Amino acid sequence: MRIGDAAAAAGTTPRALRFYEQRGLLHPPARSGSGQREYGPAEVARVRVIRRLLAVGLTVDDLASRVHRLDLLGQDPPVRCSDSPGPDTLAPVVHARLATLDAEIARLTALRAKLAHHIATGGTEVPGD
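Quick caveat: nothing in here was measured; it's all calculated off a predicted structure. (Residues numbered from 1 in each chain as written. Predicted model: local features only at pLDDT ≥ 70, side-chain atom pairs only at ≥ 80, totals over all residues. Heavy atoms only, no water.)

> With reference to specific residues and values, describe the overall build of the chain.
Across its full length, the chain holds six helices and two strands. Sequence-ordered secondary structure for the chain, helices as α and strands as β, is α-α-β-β-α-α-α-α. In the chain, which comprises 129 residues, the proportion classed as buried is 25%. If you sum the accessible surface of the chain, you get close to 8,200 Å²; carbon and sulfur atoms cover 59% of it. (Helix = DSSP H or I, 4+ residues; strand = E, 2+ residues; numbered from the N terminus. Buried < 20%, exposed > 50% of the residue type's maximum accessible area, 1.4 Å probe, protein only. Areas by Shrake-Rupley, 256 points an atom, 1.4 Å probe, with all protein chains shown as cover.)

As structure tokens, this is what we get:
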């Protein structure tokens, strides 16, 4: 199927497919005689996995670091991280992303508290760091 059909089947856009290919998340697809990209069910399944992982907070760089594991998650049934433990699984990447998110939540919570204090004092006090 052509890029527009593959993108629609995966719930994304042709631009996203080209971006995933550029970043190494998708293997370069076969090309038609006229040079158009041709995708099959395996590529659509992989894009769905990529989109699910991005939707839960992982980044493109996170996925690129474990690109060789993406096809496992697209299998039916998908291979769970705990079924094949090791340093090359997604688990360490997920734990690192959780730590990053926790740190950002703490930073934003402190910032919110400062802003709330500023409002509570009528804007007369600028909270310290």
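From this point on, the discussion continues.
> Any chance you could break down the nonpolar core for me, citing the residues and the numbers?
General note: in soluble globular proteins, nonpolar side chains tend to be found buried as a group. In this structure, Leu-17, Tyr-20, Leu-25, Leu-53, Leu-63 and Leu-70 are the most contacted members of the largest nonpolar core, which totals 22 residues. Put simply, the parts of the chain that give this core at least two residues each are helix H1 (3–10), helix H2 (14–22), helix H3 (41–55), helix H4 (60–64) and helix H5 (70–73). The element that contributes the greatest number of residues to this core is H3, accounting for five residues. When neighbours within four sequence positions are excluded, Leu-70 is seen to be in contact with Leu-25, Arg-46, Val-49, Ile-50, Leu-53 and Leu-63. (Core = buried A, V, L, I, M, F, W, Y, C linked by side-chain atoms within 4.5 Å. Contact = heavy atoms within 4.5 Å.)

> How would you sum up H1? Please name residues and give values.
Every α-helix winds through 3.6 residues per turn, so residues three or four apart in the chain are directed the same way. Within H1, the full set of buried residues consists of Ile-3, Ala-6, Ala-7 and Ala-10. Across the axial projection of H1, the buried residues extend over an arc of 100 degrees, all falling on one side. Exposed residues pointing more than 90 degrees away from the buried face of H1 are listed as Asp-5 and Ala-8. Residues of H1 that are buried in the fold lie against H2, strand S2 (37–38) and H3. Two residues or fewer past H1, Gly-11 is found with a positive phi of approximately 80 degrees. (Arc of directions from axis to C-beta.)

> Any details on the packing of H1 against H3? Residues and values, ideally.
Contact geometry of H1 with H3 gives a least axis separation of 9 Å together with a crossing angle of 50 degrees. Taken together, the axes of H1 and H3 are oblique relative to one another. The handedness of the crossing between H1 and H3 is right-handed. Listed contacts from H3 to Ala-6, Ala-9 and Ala-10 of H1 are Val-44, Val-47, Arg-48 and Arg-51. Here the contact of H1 with H3 is built from residues that sort into five nonpolar, no polar and two charged. (Axes fitted to C-alpha atoms, helices over the stretch in contact; angles between N-to-C directions. Parallel < 35°, antiparallel > 145°, perpendicular 65-115°, else oblique. Left-handed = near helix turned anticlockwise from the far one by under 90°. Nonpolar A, V, L, I, M, F, W, Y, C, P; charged D, E, K, R; others polar.)

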